[in-house]
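Here is what each chain is made of, one letter per residue.
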Amino acid sequence: MAAGLFKSELKNPVLRWVDTRLPVITLMQKEYGTFPTPRNFNYFWNFGALATVTLLIMIATGVFLAMHYTPNSTMAFASVQHIMRDVNYGWLIRYVHMNGASMFFIVVYIHIYRGLYYGSYKFPRELLWMLGVVILLLMMATAFMGYVLPWGQMSFWGATVITNLFSAIPVVGTTIVQWLWGGFSVGNPTLNRFFSLHYLLPFVIVGVVFLHVVALHITGSNNPLGIDVKGPQDTLPFHPYYTVKDSVGLCVFLAIWAAFVFFMPNLLGDVINNIPANPLHTPADVVPEWYFLPFYAILRSVPNKFMGVMLMFASIGVLFVLPWLDTSPVRSCRFRPIYRILVPLLVVDVFVLGYVGAHHPQGFIILLGRVATAWYFLHFLVFTPLVGLFETPLPLPESIAAPVVRKSPSGGGPIPGGAVAKPMENA
Amino acid sequence: MADTLAMGDHGSAGHGPKDKSKRDFLVMLPVAGAVIGAGAIAWPLIDSMNPSGDVLALASTEVDLTPIAEGSGITVVWRGKPIFVRYRTPKEIKEAEDVKLSQLIEPQPDSARVKPGHAQWIVLIGICTHLGCIPLGNKPTDPRGEWGGWYCPCHGSQYDTSGRVRHGPAPLNLWIPPYQFLNNSRIKIG
Ligand code: HEM
Ligand code: FES
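Cut-off values and rules
- Residues numbered from 1 in each chain as written.
- Chains lettered and ligands numbered in written order.
- Predicted model: local features only at pLDDT ≥ 70, side-chain atom pairs only at ≥ 80, totals over all residues.
- Heavy atoms only, no water.
- Patch = residues over 30% accessible without salt bridge, like charges linked within 9 Å, V, L, I, M, F, W, Y side chains within 5 Å.
- Areas by Shrake-Rupley, 256 points an atom, 1.4 Å probe, with all protein chains shown as cover.
- Salt bridge = Lys/Arg side-chain N within 4 Å of Asp/Glu carboxyl O.
- Helix = DSSP H or I, 4+ residues; strand = E, 2+ residues; numbered from the N terminus.
- Buried < 20%, exposed > 50% of the residue type's maximum accessible area, 1.4 Å probe, protein only.
- Domains from an automatic or database assignment.
- 1 Å grid on protein atoms, 1.4 Å probe; cavity = no way out; pocket = protein on both sides within 12 Å on 5 of 7 lines; lining within 4 Å.
- Points joined across faces, edges and corners; volume = space filled by probe spheres on them.
- Nonpolar A, V, L, I, M, F, W, Y, C, P; charged D, E, K, R; others polar.

Asks: Residues and numbers for a nonpolar patch on the surface, please.
Replies: All names here are of chain A. Residues Tyr89, Trp91, Phe262, Phe263, Met264 and Leu267 make up a contiguous nonpolar surface patch of about 720 Å² in total accessible area. With respect to the helices and strands, Phe263 occurs in helix 10 (residues 238–263). Take Phe263: its relative accessible area is 71%, and that puts it in the exposed class.

Asks: Give a description of unusual backbone geometry that names residues and reports values.
Replies: Residues and elements named next belong to chain A. Cis geometry marks the peptide bond from Phe123 to Pro124, where omega comes out at 5 degrees. Mapped onto the elements of the fold, Pro124 is located in the loop between helix 5 (90–117) and helix 6 (126–148). With an omega dihedral of 5 degrees, the bond running from His239 to Pro240 counts as a cis peptide bond. Its place among the elements puts Pro240 in helix 10. Of note, the phi angle at Trp151 is positive, near 55 degrees, even though the residue is not glycine. Position of Trp151 among the secondary structure elements: in the loop between helix 6 and helix 7 (153–164). Given a relative accessible area of 7%, Trp151 falls into the buried group.

Asks: So what's going on with the domain arrangement of chain B? Which residues, and what values?
Replies: Structurally, chain B comprises domain 1 (2–47) and domain 2 (56–189). Measuring from the centre of the C-alpha atoms in domain 1 of chain B to the corresponding centre in domain 2 of chain B gives 59 Å.

Asks: Describe the layout of surface pockets, and please don't skip the residues or the numbers.
Replies: All names here are of chain A. There is about 1,400 Å³ of room inside the largest pocket. Lining of the largest pocket is provided by 48 residues; of these, Gly48, Thr52, His212, Val213 and Leu216 occupy positions nearest its centre. For the lining of the largest pocket, the secondary structure elements donating two or more residues are helix 2 (24–33), helix 3 (47–66), helix 5, helix 6, helix 9 (188–219) and helix 10. Here the residues of the lining of the largest pocket sort into 31 nonpolar, 13 polar and 4 charged. As a volume, the second largest pocket reaches approximately 1,000 Å³. In this structure, the second largest pocket is lined by 45 residues; those nearest its centre are Arg94, His97, Met98, Gly146 and Pro150.

Quick look at the structure:
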């Protein structure tokens, strides 16, 4: 090896030439090939890979949409109609992108649920978790601005209501909102900057995802038992075991996405967005896309404007500090008899909030919204710290391999990872 | 050179506070310069997002009041915003004037919201002070809420016949644009 070159172990001379100068091939092999991964993953561990693929598909379809889209308030609506009617396969690209946003949120919400249930946010993965929350916020901003681009009635009034959230800030609120708009109401300058940022933010997301993965590969993955990896008998190489398992999930996921695109492309959208934006007429019901409904419900549950806005932001904010709110040393809910009920209850609560967000705030809906909002915050700020202190966890298995191996017919001691890999290699 | 020695030996007893403050200053000076420089670069970028000159150019709108029927209002556009101009009935004026200020969310007498001698005309920026929707109520057939003024369909705020908020979540009364009467049947907004 000459001085300054990387010592590559690749056999192929061309790849080796590249790898000694730029060891990306070795890096990929280390991080995605031989990377030691807990052997007991269930299908919940598919969702990170699904989210990555979705992000790439969103960027690919978005770049092609941008070739035909016009970010001008007098032409935007017509240019989207042009994409739908005239551009070859424009309808396909747009429907993949449009439904892709929904798919993205489904995948990421399940991914977050996985983290909540199996305690993936706890030591040593706090920063990994927080980077995930940053990604969620960036996704929300991106999706919100993307929804404004077709410049329909819901685009316009959604943009108006959401940007006005910042007017709740004391003293400088109005100045900030006019700065966001570039005018005195949502208009052409707003549309232009939203397009610019809608193009930019997905690439920022790619950057944060990179950091998320770097942090993951330092701490290693959590697993359904929530206990630490103790040695090679607890892990499998990422490839081929989890590349295959991820591919299975990916096929199912893409089939569902395709079903939406080809059979019910407008199911998740709002028909009112097929009416061009009219700044002088507010539609009877301004509702956000489904993935924002729970947060919208929290906003509307508080009769005070400032408090409503604060509470809505706090609902994401609590996720940031969750690692320090949970006092239990046990990660996985499998071994937490009380918390394992509370986490699914939180999901029910979020669905209730979603239902409330979709309906006019009248009578019973208002009450339901307040109860569900209270429950949401009680869960994180009261139940989570207290349950951790008072709950008696079930006994933890001594290692990941132990419960797996005990069931095996040979009944012997831990099987080394390499030995288990044999039958696959023969096939 | 004692100085050089001290610099190569952090935290040693011989490292006088005098040297330290001198070096801190040497570090702070370029840092401060860099911060000011970064700010000078960032400001034009941030300010470029503010309303541009053509948007700011104060446009004014004249409104002819003669076609407006008593009891109803119209919507005109000024600076891209909807402006409500409503011809109030004597009953509506009386309701607006008689309400006790202590009952209001943002207390303001009706007389402060109309021009003297023109109490039948109320001119408002038709943007809900909650989150910016356009309230309903100009047409007598619109829902006008419990106080007979305007009703916001977005989150249910209600305004009285003076455009004052009577029921949340909106925190403030509807704003009044700058305007003046040119004669008894014509106003100029802006
Ligand atoms: C994080 C990834 C992304 C998300 C969540 C997202 C989300 C959205 C959403 C919700 C819409 C509105 C769809 C509709 O109702 O028509 C939209 C539209 C649009 N997006 Fe994206 N997007 C992403 C990435 C991108 C990228 C990278 C680009 C460009 C390079 C892009 C370009 C566009 C364009 C041009 C439109 C307007 C055309 C249309 O409405 O279909 N998007 N996006
Ligand atoms: S915008 Fe009018 S009540 Fe919310």
